[in-house]
Amino acid sequence: MADIIHIMPELDGEEMLFVGGLIRDMSDDQARTFATAYRSQRRDPTNVLLLTLLGFVIIAGVQRFYLGQIGMGLVYLFTAGFCLIGTIIDLVNHKSLAFKYNQEKAQTLSMTVRSSTGP
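Residues numbered from 1 in each chain as written. Predicted model: local features only at pLDDT ≥ 70, side-chain atom pairs only at ≥ 80, totals over all residues. Heavy atoms only, no water.

The secondary structure content of the chain amounts to nine helices and zero strands. Listing each helix as α and each strand as β along the chain from the N terminus yields α-α-α-α-α-α-α-α-α. Each principal axis of the C-alpha distribution contributes one length, and for the chain these read about 50 × 25 × 15 Å. Within the chain, buried positions represent 38% of all 119 residues. When the accessible surface of the chain is totalled, it reaches about 6800 Å², and 64% of it is carbon and sulfur. (Helix = DSSP H or I, 4+ residues; strand = E, 2+ residues; numbered from the N terminus. Buried < 20%, exposed > 50% of the residue type's maximum accessible area, 1.4 Å probe, protein only. Areas by Shrake-Rupley, 256 points an atom, 1.4 Å probe, with all protein chains shown as cover.)

Set out below in structure tokens:
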């Protein structure tokens, strides 16, 4: 049984609970493998906020490209962030945007780690 607080102390709140639930039934080796892979693919909400601010000032949509949402990034780029309204909404929702991206990555990595290392 892996302990999320010791394996990934940088997580907080809702993300810690979510990832903790994913690794609850993993062995310690599986949890460490998961943590290594997750750290390399995880998006920090602070970076999303900074990129959204950059998009507000210079290039709209850069935060969407960072989150792997290429289509929305192009829409933001060509519409100036929906006339800056979409960019303002992203400023408010930067944590949930990052959490949604991180959830998808964590679920995929969890399945990969479980299937590649066995029970």
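Next comes the rest of the description.
This part covers unusual backbone geometry. Trans peptide bonds make up most of the peptide bonds, and negative phi angles are found at most residues other than glycine. Despite not being glycine, Phe82 has its phi angle at roughly 50°, a positive value. Not every positive phi belongs to a glycine, and Cys83 is a case in point at roughly 55°. Counting through the fold element by element, Cys83 comes out in helix α7 (residues 80-83). The exposure class assigned to Cys83 is exposed, which follows from its relative accessible area of 65%.

This part is about the pattern of salt bridges. One pass over the structure, following the stated rule, counts four salt bridges. Glu10 is the salt-bridge partner of Arg39, the closest N and O atoms lying 2.8 Å from each other. Taken as a pair, Arg39 in helix α3 (residues 28-41) and Glu10 in the loop between α1 (4-7) and α2 (13-23) lie far apart in primary sequence, 29 residues in all. Taking the relative accessible area as the measure of exposure, Glu10 reaches 38% and is therefore partly exposed. Asp90 is the partner of Arg64 in a salt bridge, and the nearest nitrogen-oxygen pair spans 2.8 Å. Here Arg64 is found in helix α5 (residues 62-66), whereas its partner Asp90 is found in helix α8 (residues 85-92), with 26 residues between them in sequence. Given a relative accessible area of 10%, Arg64 falls into the buried group. In this structure Asp90 comes out as buried when scored by relative accessible area, which is 2%. (Salt bridge = Lys/Arg side-chain N within 4 Å of Asp/Glu carboxyl O.)

On to α3, then. Its 14 residues give α3 an end-to-end C-alpha distance of 20 Å, which sits within 8% of 20 Å, the value for a rise of 1.5 Å per residue. Turning to α3, its buried residues number three or more, namely Gln30, Ala31, Phe34, Ala35 and Tyr38. Projection of α3 onto a plane perpendicular to its axis shows the buried side chains occupying an angular sector of 135°, all on one side. More than 90 degrees from the buried face of α3, the exposed residues found are Asp29, Thr36 and Ser40. (Expected span 1.5 Å × (residues − 1). Arc of directions from axis to C-beta.)

Before going further, it helps to examine the side chain of Thr87. With respect to the helices and strands, the residue Thr87 is situated in helix α8. The buried category is assigned to Thr87, whose relative accessible area is 0%. Setting aside residues no more than four positions away along its own chain, Thr87 makes contact with Thr52, Gly55, Phe56, Ala60, Tyr76 and Gly81. (Contact = heavy atoms within 4.5 Å.)

Our focus in this paragraph is the packing of helix α4 (residues 45-57) against α8. The geometry of α4 relative to α8 is characterised by a closest axis approach of 9 Å and an angle of 160° between their N-to-C directions. Relative to α8, the element α4 is oriented roughly antiparallel. Crossing of α4 over α8 shows left-handed handedness. Judged by residue contacts, Leu49, Thr52, Leu53, Gly55 and Phe56 of α4 engage Thr87, Ile88, Asp90 and Leu91 from α8. Residue composition of the contact of α4 with α8, by class: five nonpolar, three polar and one charged. (Axes fitted to C-alpha atoms, helices over the stretch in contact; angles between N-to-C directions. Parallel < 35°, antiparallel > 145°, perpendicular 65-115°, else oblique. Left-handed = near helix turned anticlockwise from the far one by under 90°. Nonpolar A, V, L, I, M, F, W, Y, C, P; charged D, E, K, R; others polar.)

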